[in-house]
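# An overview of the molecular structure
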Amino acid sequence: MSPSKNATPISAAAMGSPLGRVDAREKVTGRATYAFENDAQFEKKPLYLWLVTSTTAKGRVREIDASAALEHPGVTAVLDHVTAPRMADTDNSELAILQDDRISYYGQIVALVLAETIEAAREGARLTVVHQDEEKAVLTADEAELYTPTKDAVGAEPDTEEGDVDAALAEAEVVVDKQYSTPYEQNNPLEPHAASAVFADGVLEMWDSTQGVHGVASALAPMLGLSETQIRVQAPYVGGGFGSKGVPHPPEMAVALAAVWADGRPVKLAVTRQQMYSLTGYRTATKSHIRLGARADGRITALDVLATVESAAAKEFIEHAAKPARMMYAGANRRTRHRVAELDVAIPSWLRAPGEMPAIFALEVAMDELAEATGIDPVELRILNDPEIDPETGKPFASRRLVECLRRGAESFGWSQGRPEPRSTLEGDWWVGTGVASSTYPANFFPGNSARVTALEGGRYNVAIGAADIGTGSRTALLQIAADALEVPVEDVDLAIADSSLPTATVAGGSSGTGSWGTAIVQAAQQFRADHGDHPVPGELTTSTTEAYPDMDKYSMHSFGAAFAEVRVHRLTGEIRVPRLTGVYSVGRVINPVTARSQLLGALIMAQSAALYEEAYRDTRTGHFVTQDLASYHVAAHADIGDLHVEWLDDVDERATPMGSRGIGEIGNVGASAAIVNAAYHATGVRVRDLPATPENFL
Ligand code: MOS
């Protein structure tokens, strides 16, 4: 059943308490089974899968010569575009692997090797000879014709214009007119993508490392000609996603297709880190041309953002890098545009605050430049331009506490004690500086989530929803939400998640998970009480599905924050260090302060990582990423990180969810990179506009 009434706010008893992760023991003792570790579930010994990939950006497979591979004693089969099972539906061009001979990017799957051992599978892949006919490929944005993406692809209007931007810029007393860029970035969750699957009696059972089991099931089933009841996807433990496991990618389909072929034999695949770089998404490079016009007193009169991103011919994905600037600051004349270069390259996808991260990086460095040009303190400049209503939609903000975050951060960080001039503090051989930036992230709420509450013996309850916990702590937070909604202690709730045979859940993405799933749980619990009272008979149950929240259309809903950084740059080597990074956030009610703190700390680390280290390089002849490991693509490690400090405002946003919470996963990764780069400017007088800010910038 699906009541049309939405959940009403619940009060916090369990919520807000620092409950330890309920799956911590399984994880630290190694008993947690990840997607590659489910052999105990199988009746038969699994076949190991290895992916054979294209070595040209564009063309056709002429022939896959598997003769040498098949002579290997351990190799069972080599499936290619001729011999692989046919799909019922090939509309999803990313997932329709081995259905034709077309090669659309370097690193695309062109054959699957199945073998009795992982070593034999890998050797079989090495022995498989791929004959390709190459075609001329477009591999750099310079060669491509830029196009304007559709509203559907952007998730918002691609272009907006209000007032007369050019006239306002011409009349402005101060103008900042600069280009900013972010590089290709690779997700790099600790656990590479992996899946195992068995197809028996017409049912495909799959264990996948994914951010959404229902998303995988609903994408794969129709392509394989299976009904919803003929597929079951589980993801009990996931070693991080960072966006790359948000939608199914070709490796998952490879496992499913091979399992269908193997009919009864389980199939397992662990994607190598190298293969992840072409097969599981990445953040495209972004360029932002920003023009800010202002009066001498710092009030913004014109905002012009032109974001240029890249997409793939194989499948369109648009990084919405112009959109986030629309709601950030006041100013009457505004224009924002997205332009896209379509290339014959691997398919980009979500990565750690897609759109928001590059957009707010560019805007917040531009704001620092405006602060300098007007001689106004960067914190005060942001406060001065804080809008009354959302300038993008004209709607009131459900909650906008950016100013409080800035003021509290300034206090806590020591900013309010005043700052010296840029390039004026040298301590030993280190230039020292401080920087600030605003953060924001939309309060994404996805309707269509279902939860089921079932009465158990002894006054206990089972609460079920197919949500995924990719390491964030959502399993723990949902338990707290369920306990409060049922008004019982957390010990009295059994929570079942991460299984597509449970009620439908949307993706653990866009910082939407806990809020969207939690709302379904609250609604189901309240409906359960209405249906069955406080003393239900064991076995009584209620399932309930969420609809769009009535307030969603009335208000503009976002979280806000402020990041402050202290940076030291070595005067001789350009080495850059971040001894202190502080973030203050307004994110609604914090459901679990332990896991929330970890989310915000982790995201600040990602922000430092993006600011200073992460950069993937492409071979411009093939479009292939040449950064192929964690040595050539550095992700911030322990030694890189100084003192991190996070705080949040005492906040309850009942317009956002009945828990009063908003998402917390990504906001820490928005803005903080700009705070670091702004601090590096303050330290050295060198303005970096292109990430990452590597040492050579400061020599
Ligand atoms: Mo997250 S990058 O929205 O999956």
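Residues numbered from 1 in each chain as written. Predicted model: local features only at pLDDT ≥ 70, side-chain atom pairs only at ≥ 80, totals over all residues. Heavy atoms only, no water.

Identification of the protein chain as Xanthine dehydrogenase from Corynebacterium doosanense CAU 212 = DSM 45436 is taken from an unreviewed UniProt entry.

## Points about the nonpolar core
Within the largest apolar cluster, 99 residues are counted, with the highest numbers of intra-cluster contacts made by Leu49, Leu112, Leu204, Leu220, Met253 and Ile465. Counting residues in hydrophobic clusters, the runner-up holds 88 residues, among them Tyr180, Ile290, Ala325 and Val587. (Core = buried A, V, L, I, M, F, W, Y, C linked by side-chain atoms within 4.5 Å. Buried < 20%, exposed > 50% of the residue type's maximum accessible area, 1.4 Å probe, protein only.)

## Notes on the sheet that holds strand β22 (residues 493-496)
Read from one edge to the other, the open sheet built from four strands follows the order β22-β21-β20-β23, with strand pairing classed as mixed. Bordering the open sheet on either side are β22 and β23 (541-545), each of which pairs with just one other strand. Neighbour-to-neighbour, the strand axes of the sheet open up by a mean angle of 15°, direction not taken into account. Bridge analysis of strand β20 (residues 450-455) against β23 gives five bridges, and the strand direction is antiparallel. Residue Ser450 lies in a different strand from β23, and its bridge partner there is Thr545. Packing against the sheet, helix α12 (residues 474-486) makes contact with β20, β21 (461-464) and β22, and its axis sits at approximately 135° to β22. (Pairing = 2+ DSSP bridges. Helix = DSSP H or I, 4+ residues; strand = E, 2+ residues; numbered from the N terminus. Axes fitted to C-alpha atoms, helices over the stretch in contact; angles between N-to-C directions. Contact = heavy atoms within 4.5 Å.)

## Brief notes about the pairing of β21
Burial along β21 is two-sided: Tyr461 and Val463 and Asn462 and Ala464, pointing in opposite directions, are all buried. In textbook terms, the turn of a hairpin is the stretch between consecutive antiparallel strands, and for β20 and β21 this stretch comprises five residues, one of which, Gly458, has a positive phi near 70°. Bridging between β21 and β22 involves four bridges; their strand directions are parallel. Paired with Tyr461 across the bridge in β22 is Val493. Remark: the β21/α12/β22 crossover connection has right-handed handedness. (Right-handed = clockwise from strand over helix to strand, strands pointing away.)

## Quick word on the UniProt feature "domain: Aldehyde oxidase/xanthine dehydrogenase a/b hammerhead" (unreviewed entry) in the protein chain
Per the UniProt entry, the sites bearing "domain: Aldehyde oxidase/xanthine dehydrogenase a/b hammerhead" (unreviewed entry) are residues 29-136 in this numbering. End-to-end, the C-alpha atoms of residues 29-136 are 52 Å apart, and along that stretch the chain is 14% helix and 31% strand. (UniProt positions renumbered as here; feature names shortened; annotations may be inferred.)

## A closer look at the packing of aromatic side chains
Counting across every chain of the model gives 10 aromatic pairs. Both rings, one in Tyr461 and one in Phe528, keep their centres 5.7 Å apart while their planes meet at 90°; by these two values the pair is edge-to-face. With Tyr461 in strand β21 and Phe528 in helix α13 (residues 513-532), this pair connects stretches of sequence that are 67 residues apart. Overall, Tyr461 belongs to the buried group, its relative accessible area being 3%. The ring of Phe36 has Lys268 sitting right over it, with the charged end atom 4.1 Å from the ring centre. The ring of Tyr237 carries Arg475 above its face, with NZ or CZ at 5.1 Å from the centroid. (Phe/Tyr/Trp six-rings, centres within 6.5 Å; stacked < 30°, edge-to-face > 60°. Lys NZ or Arg CZ within 6 Å of the ring centre and 35° of its normal.)

## Quick notes on the pattern of salt bridges
Evaluated as defined, the whole model comprises 46 salt bridges. Of the charged contacts in the structure, one is a salt bridge between Asp159 and Arg339, with a shortest N-O distance of 3.0 Å. Taken together, the residues span a long stretch of sequence, with Asp159 in the loop between α4 (151-154) and β8 (160-162) and Arg339 in strand β16 (residues 333-343) at a distance of 180 residues. Between Glu404 and Arg401 there is a salt bridge, with the nearest N and O atoms lying 2.8 Å from each other. Within the structure, one salt-bridge network assembled from shared partners comprises Glu161, Asp166, Arg291, Asp304, Arg335 and Arg337. (Salt bridge = Lys/Arg side-chain N within 4 Å of Asp/Glu carboxyl O.)

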